[in-house]
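Structural description and commentary
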Amino acid sequence: MIKYIGSKRTLIPLILETVRRATKARTVLDPFSGTARVGHALKAAGYRVLSNDHNAYAAVLARCYVQADAEDVLEDARKLVREFNALKGKPGYFTETFCIRSRFFQPKNGERIDAIREAIAARSLDPELEAVMLVSLMEAADRVDSTTGVQMAYLKSWAPRSYNDLELRVPDVLPRARFGKGQATCLDALDAVRRFAADVAYLDPPYNQHSYLGNYHIWESLVRWDKPEVYGVACKRLDVRQRRSVFNARSQFTAALQTLLTAIQAPVIIVSFNDEGYVTRQDMEAMLRSLWNGAGQVTTIERDFKRYVGAQIGIYNPRGEKVGVVSHLRNREFLYVASREDLSPALMPVMAARHRQGLLFGEP
């Protein structure tokens, strides 16, 4: 999957074990799906997953990894991957914007991206198959980019991987889950939780001022293929300035999260958050306890983890020059589990196992 800030790759086993032990769930709602990595893992475990994200590129990732089923799309996807891999490059909007006006990709790969994206558009594919092909292209482009992992800037010197030739691969599309076909939507998170009921709601909201649309604007333009006007050295879409999430604003975050939590239609809520976020552990636990008319029971699992890849590499300005010093390289991730019932007894085996592995756990 694509490089992504806040990826829950290493947290997935804990999330899955928490869902399994704390609930008898069949359906899980994920209103901030991002790369759909968590949704993909939940689907693989048999759950029916309802994924949502307000960014188009994230909704496409979820349509591929959560909604599309292997038995419906893989045969056609394999044929299209072979066909599109044989296409010659043809420079267009992508090459001009992200290879010439900026330096995110080598022109040879930008030209291939242009050609393949136009071919996908020309086919008028079924939405699920189209999503699989767009994800194949997105991931292929991600493997040959020249960034630190986000699209706020590109490197001053070409990354070694950028010299590789772009090559499509078939994404890891799963068979239909045991508990039913998943669904992917592109809604505001509040609209999603009001529309869908589930046995468990898993929340991984933005936690600071950094906009995912700003960080991954190239994927948004690649998926929408609306060829928008851009601004700045990084050639960001103009709507990056307007499409701001309330969850990226410190002054609005707490009220927005409280409204969201109150609207959730699920007996168990799991929230992933870290110590760089706008809300402290104490305040998050108090907010969760206030649910169900003040009857909410909360168990908190704490984990130390390495910060995103950009922090490991360093801080760069829009010209790709390294500036400043990263303040810290590790964070603490909190997994909050809230429900009417006290679930800590069910979670004790998970907590004990993680403690033996050297991770930190605690209950409020």
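A word on helix 12 (residues 281–289). By the burial criterion, the buried members of helix 12 are Met 284, Glu 285, Met 287 and Leu 288. All buried residues of helix 12 lie within an arc of 160° about the axis, which places them on one face of the element.

The next thing to look at is the pattern of salt bridges. One pass over the full model with this rule turns up 24 salt bridges. Note that Arg 123 is salt-bridged to Glu 83, the shortest N-O span being 2.0 Å. Residue Arg 123 is found in helix 6 (residues 107–123), and its partner Glu 83 is found in helix 4 (residues 70–85); the two are separated by 40 residues along the sequence. When the shortest N-O distance is used, the salt bridge between Arg 161 and Asp 145 registers 2.7 Å. With Arg 161 in the loop between helix 7 (127–142) and strand 3 (183–185) and Asp 145 in the loop between helix 7 and strand 3, this pair connects stretches of sequence that are 16 residues apart.

Among the eight residues that make up helix 10 (residues 217–224), seven are buried, leaving the element largely enclosed by the rest of the structure. Inspection of helix 10 places His 217, Ile 218, Trp 219, Glu 220, Ser 221, Leu 222 and Val 223 among the buried residues, and these make up the whole buried set. In this structure, the buried side of helix 10 is in contact with helix 3 (56–67), helix 5 (93–100), helix 6, helix 7, helix 9 (212–215) and strand 6 (236–237). Within two residues after helix 10, Trp 225 carries a phi angle of roughly 50°, on the positive side.

The subject of this paragraph is the side chain of Asn 215. By secondary structure assignment, the location of Asn 215 is in helix 9. Overall, Asn 215 belongs to the buried group, its relative accessible area being 5%. Ignoring anything within four residues of it in the chain, the contact list for Asn 215 reads Ile 5, Val 150, Gln 151, Met 152 and His 210.

Side chains of nonpolar character tend, in soluble globular proteins, to be buried together. Within the largest apolar cluster, 118 residues are counted, with the highest numbers of intra-cluster contacts made by Tyr 57, Phe 105, Leu 203, Trp 219 and Leu 261. The dominant element in this core, judged by the number of residues it contributes, is helix 7, at ten residues.

Looking at the protein chain as a whole, its pLDDT mean stands at 90, while 90% of the residues score no less than 70. Counting interchain partners and residues more than four positions distant, the pLDDT-below-50 stretch residues 358–364 has 28 contacts.

Looking at where Gly 89 falls in the secondary structure, it is placed in the loop between helix 4 and helix 5. Through-space distance from the C-alpha of Gly 89 to that of Gly 110 is 7.8 Å; in sequence the pair is 21 residues apart. Among residues more than four places away in sequence, those in contact with Gly 89 are Glu 111, Arg 112 and Ala 115.

About the cut-offs
- Residues numbered from 1 in each chain as written.
- Predicted model: local features only at pLDDT ≥ 70, side-chain atom pairs only at ≥ 80, totals over all residues.
- Heavy atoms only, no water.
- Buried < 20%, exposed > 50% of the residue type's maximum accessible area, 1.4 Å probe, protein only.
- Helix = DSSP H or I, 4+ residues; strand = E, 2+ residues; numbered from the N terminus.
- Arc of directions from axis to C-beta.
- Salt bridge = Lys/Arg side-chain N within 4 Å of Asp/Glu carboxyl O.
- Contact = heavy atoms within 4.5 Å.
- Core = buried A, V, L, I, M, F, W, Y, C linked by side-chain atoms within 4.5 Å.
- pLDDT = per-residue confidence, 0-100.

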